[in-house]
There are 2 protein chains.
Amino acid sequence: MAIKLVFFTLHLLICCAVSLSKITPRFPSFIIQPEWLSVSTKSELYETKYYTQILDHFTYTPQSYQTFQQRYLISYKYWGGATENAPIFVYTGNEGDIEWFTQNTGFMFDTAPHFKALLVFIEHRFYGESIPFGGNKDVAYANASTLGYLSSTQTLADYATLIIDLKKNLTAFDSPVVVFGGSYGGMLAAWFRLKYPHVAIGALASSAPILYFENITSQYSFFNTVTNDFRSESENCYKVIKGSWQQIENTAKQSGGLEILRKSFRICKNSYMSAADAVESWLSTAFVYTAMTDYPTQSNFLNPLPAYPVKQMCKAIDNPKAGNNTFEKLYNAATVYYNFTGNVACYDLNDNSDPHGLGEWSWQACTEMIMPMDGNNAESIFPHSEWNYTERAQICEHFFKVQPRPNWITSEFGGHNIYRVLKRFGSNIIFFNGLRDPWSGGGVLKDISKSVVAIVAKDGAHHVDLRFSTDEDPEWLKDVRRREIKIIKSWLSQYYRSLFETSQ
Amino acid sequence: MAIKLVFFTLHLLICCAVSLSKITPRFPSFIIQPEWLSVSTKSELYETKYYTQILDHFTYTPQSYQTFQQRYLISYKYWGGATENAPIFVYTGNEGDIEWFTQNTGFMFDTAPHFKALLVFIEHRFYGESIPFGGNKDVAYANASTLGYLSSTQTLADYATLIIDLKKNLTAFDSPVVVFGGSYGGMLAAWFRLKYPHVAIGALASSAPILYFENITSQYSFFNTVTNDFRSESENCYKVIKGSWQQIENTAKQSGGLEILRKSFRICKNSYMSAADAVESWLSTAFVYTAMTDYPTQSNFLNPLPAYPVKQMCKAIDNPKAGNNTFEKLYNAATVYYNFTGNVACYDLNDNSDPHGLGEWSWQACTEMIMPMDGNNAESIFPHSEWNYTERAQICEHFFKVQPRPNWITSEFGGHNIYRVLKRFGSNIIFFNGLRDPWSGGGVLKDISKSVVAIVAKDGAHHVDLRFSTDEDPEWLKDVRRREIKIIKSWLSQYYRSLFETSQ
């Protein structure tokens, strides 16, 4: 048995026998704070702009000259202006709607007044409104001949050309640019600083698993971290979850077993369920996403969550009220993730809604984002499984008729021996990682040089540092942000000194 | 009147009214030493290999997966082997047949025994035998839909993937790679180190005018250096050449004037000549290429040349025997370039042979290699002219139906404020420039940091350092090479120390 994580599989794929669910889970990213945003305040936060972007930066075929409208959001509110050479903070958008990221990248809004920074959030091509081929998703997503232009290198070049053009239009040639990103956006931020040092003077790459390619990071690391997250709460919690999978399988095989599962987990009546897999996916999704977003304060990612949600899940499992009823324990844990608001009456296993437009990650996971991260070893809280490249390649052939290029990312961006390679090359990158984040194993966890540094938070989850500050933030989180601000400040000071020297 | 430099314009373009001759002159590169090479010794120098290369690294369209055979030449003769982690020296091929470059990159052969280096020379896509689209030049060169894949970024990615694959096949994972290149190949070497630091630990970029884009370098610099080269020999030499253009124009306009020119310059009878332009191009080509290859020893570039050929040209012009006969003076100077061997009976102005397969540079000069370098100011030895982007764009539209992207190179690779940008970013690059080289104005002429350094030779011409050493080499040239070797040695020592430390 292999756990299949269902992460917003594409609508168009629901029907099909082979599911895309085995593809690398998309990075869950930023958490919406509904109390903070409304339509009226949104318009005060930023303006929406469009940049005419070229389809293909790296070839000169007639097709490559096609253009599309790339969306970016901009806030001048705190900017010191071009005459002051005040800085520009750019968010390198990841796999989704840029408004969603923008409205949830509190760190940039929180720090902009201090730095007098212009804020710019650029949408990733093929996501949100930034759709090539006339903005027509039916065409752009149709097949490999159009989706083929969705790649990380094209995206980085998009960001470079847009930023250069923007600075020109603002006559802000000497305003330093700092890039920010979380998760895949953090990978893009780090790579952007490495590939375009003439455009960005530094990068804050939060929870960026740039080492989760080929064999650089153990395939078991991701789920071992999930395992440790739960085990750190209680050994019983870990054991109950670990033991449950076989029990679910056994139940499913009994006559009437699926009905027992349906009842135990309050699965909606109209929700199609043919085997244990569906329930297992539903549960494991809850465990994995909760581990990833195990924040110290109440939050709202895809689902609203309490503070320290893994602790809450384990409390539910360890609660003696449920006695020996494993399914009841699991159900109570799952509701922490699925029903914190208490409004859900039953659960639809077939819900593949994708409110933040993350679907095209499947394409990226079928081409260059080949991250061997779904192995489970004997210690894992999930059943044993091994990373299977062949299976990935088959799925990609089936759905997209595309062949992955599993070695491309390390060829283009490196990764092997990064501590040696970047020891005397490059500068001004912060890699933040929280060790409760399953992705952290693929991150840079040690300083590489004096100015390519790692900030590691033992109790942190997925890019927790980029979230809006709240009154309830623990001291360690405040400290992380203080350190980040101090480092960014030092980059800017150094830049202005250099600028002053060269203008002498 | 504008001087049109005819640099091996394409055969297919001879017919046409608008000439491609106004496009940036191709970089003259390495000088064949016929005394050194014969077919029998060539085969001992290196083996010819082919690598199955992908057409497009940056997109995932079905078309992008097409492959072609990329040629590379390899010499194991001096290699210390994988178990010793002995280094790999890679020549990043430029716009022509790789055999031509290889047979003329003496510096790598001269130094390989000392470093126990493996030598690899990779051919640039779309040149020599490395032709996409089934190796069929008729298809590959047909139009923008195929030529579109000829670009510098694709080429750098070719080199990265080939080197990574080669190291894997040799199980030489820890062998450090140093890249070498001259002229456009030197630009590629420098950019390769900047973009692929995980593949190459350092780069020797010889006569690489990476700053000859947009307005970074004066458009007059190139011809001012040509001017200074001649003027440094004698003021009279400069004045005679500078004054000659009007005289040629006046003569051409007289009745029977073209015949006077034809006779004065021994133009072959069957050589088509309709105006002064043809003779002016013929002469200016001689002056420019001689300035570029003003080497201190006898050499053989496209044409054989004596040592210090500019000095020889000026001697011919200053020779009192010719009295006031300007055409006789110019003719005598031109023969230094065109007839050093004394075998030429008459000169064919329509000779557009391209023995080294450099033709596709026209495509590159029409897409991304927009180098504003053909302006002539009042001081110039050539008539006044201004860089004219519109004209370039029109020519490119006419011949290739392609629109240049004049800002791409600086967007992708930088260039503006390079001393500030790379002061604390990147390492291990040597920029060599000889100040008699017209391209040197677009080079890096000052140290950027401790390990991104400039070596400047006042008396040097175009990538003179990369040539085979000879007994006649002047002390300054020996010194340049000694410095380069010392620096490369320091990179390797540092690399091996790091390797030792990380394996502890």
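Right above here is the structure, for reference.
Let me begin by describing the structure that accompanies this report.

Scoring rules and cut-offs
Residues numbered from 1 in each chain as written. Chains lettered and ligands numbered in written order. Predicted model: local features only at pLDDT ≥ 70, side-chain atom pairs only at ≥ 80, totals over all residues. Heavy atoms only, no water. Helix = DSSP H or I, 4+ residues; strand = E, 2+ residues; numbered from the N terminus. Rg over C-alpha atoms; globule rule 2.2 N^0.38 Å. Contact = heavy atoms within 4.5 Å. Lys, Arg positive; Asp, Glu negative; His and termini not counted. Charge placed at Lys NZ, Arg CZ, Asp CG, Glu CD. Least-squares fit on C-alpha atoms with pLDDT ≥ 70 in both. Axes fitted to C-alpha atoms, helices over the stretch in contact; angles between N-to-C directions. Parallel < 35°, antiparallel > 145°, perpendicular 65-115°, else oblique. Left-handed = near helix turned anticlockwise from the far one by under 90°. Nonpolar A, V, L, I, M, F, W, Y, C, P; charged D, E, K, R; others polar. Pairing = 2+ DSSP bridges. Disulfide = S-S within 2.5 Å. Buried < 20%, exposed > 50% of the residue type's maximum accessible area, 1.4 Å probe, protein only. Salt bridge = Lys/Arg side-chain N within 4 Å of Asp/Glu carboxyl O. 1 Å grid on protein atoms, 1.4 Å probe; cavity = no way out; pocket = protein on both sides within 12 Å on 5 of 7 lines; lining within 4 Å. Points joined across faces, edges and corners; volume = space filled by probe spheres on them. Expected span 1.5 Å × (residues − 1). Buried area = accessible area lost by both parts, 1.4 Å probe. Polar contact = N/O pair within 3.5 Å; in protein donor to acceptor, adjacent residues only side chain to side chain.

Bringing the overall build of chain A into the picture now. A tally of regular secondary structure across chain A gives 18 helices and ten strands. In terms of overall dimensions, chain A is globule-like: its C-alpha atoms have a radius of gyration of 23 Å, near the 23 Å expected for 504 residues. Overall size of chain A, expressed as C-alpha extent along the three principal axes, is 80 × 55 × 50 Å. Relative to all contacts within chain A whose residues are 6 or more apart in sequence, the contacts with residues 24 or more apart total 74%. Across chain A, 44 positive and 48 negative side-chain charges occur, with their mean positions spaced 4 Å apart.

Mapping chain B onto chain A calls for a screw motion: a turn of 180° about the axis and a shift of 0.0 Å along it, with 0.0 Å RMSD after fitting. In the structure described here, the two chain copies are related by an operation that fits a two-fold rotation axis. Distance from the rotation axis, computed per C-alpha, reaches its smallest value in chain B at glycine 426 of chain B: 2.5 Å. Most of the interface of chain B is mirrored in chain A: 98% of its interface residues are interface residues there too.

Right, let's get into the packing of helix H11 (residues 276–292) of chain B against helix H13 (residues 326–338) of chain B. The packing of two helices is summarised by the inter-axis angle and the distance between the axes. All names here are of chain B. H13 packs onto H11 with a crossing angle of 55° between their chain directions and a minimal axis gap of 9 Å. Comparing the axis directions of H11 and H13 gives the class oblique. You can see that H11 and H13 cross each other, and the crossing is left-handed. Facing H11, whose interface residues are Trp282, Leu283, Thr285, Ala286, Phe287, Tyr289 and Thr290, H13 presents Leu330, Ala333, Ala334, Tyr337 and Tyr338. Tallied by class, the residues present in the contact of H11 with H13 amount to ten nonpolar, two polar and no charged.

For the rest of this paragraph, the subject is the sheet that holds strand S5 (residues 177–182) of chain B. Residue and element names in this part refer to chain B. The strand order across the open sheet formed by eight strands is S1-S2-S4-S3-S5-S6-S9-S10, and the pairing between neighbours is mixed. Edge strands, defined here as strands with exactly one partner in the open sheet, are strand S1 (47–54) and strand S10 (452–457). Going from strand to strand, the sheet's axes swing by 20° on average, the running direction of each strand aside. Where strand S3 (residues 88–92) and strand S4 (residues 118–122) come together, five bridges link them in parallel fashion. Each residue of the ladder has a partner; that of threonine 92, found in S4, is isoleucine 122. With respect to the sheet, helix H7 (residues 184–195) is in contact with S3, S5, strand S6 (202–206) and strand S9 (429–434), its orientation differing from that of S5 by roughly 150°.

Another aspect to go through is the state of the cysteines. Residue and element names in this part refer to chain B. Within the structure shown, the criterion is met by six disulfides over all chains. With its sulfur 2.1 Å from that of its partner, cysteine 237 forms a disulfide with cysteine 314. Around the S-S axis, the bridge from cysteine 237 to cysteine 314 shows a dihedral of about -70° and counts as left-handed. In this pair, cysteine 237 is assigned in helix H9 (residues 235–253) and cysteine 314 in helix H12 (residues 309–318), connecting sequence segments 77 residues apart. Accessibility expressed as a relative area gives 2% for cysteine 314, which makes it buried. Here cysteine 366 connects covalently by a disulfide to cysteine 396, the sulfurs 2.0 Å from one another. Taking the sign of the torsion about the S-S bond as the criterion, the disulfide between cysteine 366 and cysteine 396, at about -85°, is left-handed. One end of the pair, cysteine 366, is in helix H14 (residues 361–367); the other, cysteine 396, is in helix H15 (residues 389–400), and 30 residues separate them in sequence. Residue classification places cysteine 366 among the buried positions, given a relative accessible area of 0%.

Here we take up the environment of asparagine 270 of chain B. Within the element layout of this structure, asparagine 270 of chain B appears in the loop between helix H10 (257–264) and H11. Put simply, asparagine 270 of chain B and aspartate 348 of chain B are 78 residues apart on the chain and 7.8 Å apart in space, counted from C-alpha to C-alpha.

All names here are of chain B. Across all of its chains, the model carries 40 salt bridges over all chains by this definition. Aspartate 97 is the salt-bridge partner of arginine 71, the closest N and O atoms lying 3.3 Å from each other. Here arginine 71, found in strand S2 (residues 67–75), pairs with aspartate 97, found in the loop between S3 and helix H2 (98–102); they are 26 residues apart in sequence, far enough to count as distant. Owing to a relative accessible area of 2%, arginine 71 belongs among the buried residues under this scheme.

The next point concerns the sheet that holds strand S2 (residues 67–75) of chain A. Residues and elements named next belong to chain A. Pairing in this open sheet of eight strands is mixed, and the strands run S1-S2-S4-S3-S5-S6-S9-S10 from one edge to the other. Looking at strand neighbours, the two that pair on one side only are strand S1 (47–54) and strand S10 (452–457), the edges of this open sheet. Strand-to-strand twist across the sheet, computed as the mean angle between neighbouring axes with direction ignored, equals 20°.

One pass over the structure, following the stated rule, counts five cavities of 30 Å³ or more. Roughly 180 Å³ of volume is contained in the largest cavity. At the level of secondary structure, the elements contributing two or more residues to the lining of the largest cavity comprise helix H7 (184–195) of chain A together with H7, helix H16 (408–413) and helix H17 (418–421) of chain B. Considered as a void within the structure, the second largest cavity measures approximately 150 Å³ in volume. Along the wall of the second largest cavity there are 17 residues; nearest its centre are Leu194, Phe413, Gly414 and Leu422 of chain A together with His198 of chain B. For the lining of the second largest cavity, the elements supplying multiple residues, two or more each, are H7, helix H16 (408–413) and helix H17 (418–421) of chain A together with H7 of chain B. Top element by residues in the lining of the second largest cavity is H7 of chain A. It accounts for three residues. Looking at the lining of the second largest cavity residue by residue, the class counts come to eleven nonpolar, four polar and two charged.

A word on H11 of chain B. In this model, H11 of chain B (17 residues) spans 24 Å end to end at C-alpha, consistent with the 24 Å of a helix rising 1.5 Å per residue. Most of H11 of chain B sits out of view: 15 of its 17 residues are buried.

Taken residue by residue, the interface counts 55 residues in chain B and 54 residues in chain A. Interface area for chain B against chain A, summed over the two sides, is near 4,600 Å², with a carbon-plus-sulfur share of 56%. Interface area lost by chain B to chain A is led by Tyr60, Arg405 and Arg420 of chain B, which between them contribute 20%. Our count for the contact surface shared by chain B and chain A stands at four salt bridges. Put simply, arginine 420 of chain B and aspartate 174 of chain A hold a salt bridge, and the shortest N to O gap is 3.9 Å. Taken together, chain B and chain A are joined by 32 residue pairs in polar contact (both at pLDDT 80 or more). Secondary-structure elements contributing two or more residues to the side of chain B that touches chain A are helix H5 (144–147), helix H6 (152–169), H7, H14, H16, H17 and helix H18 (475–502) of chain B. Partitioning the side of chain B that touches chain A into residue classes produces 23 nonpolar, 21 polar and eleven charged.

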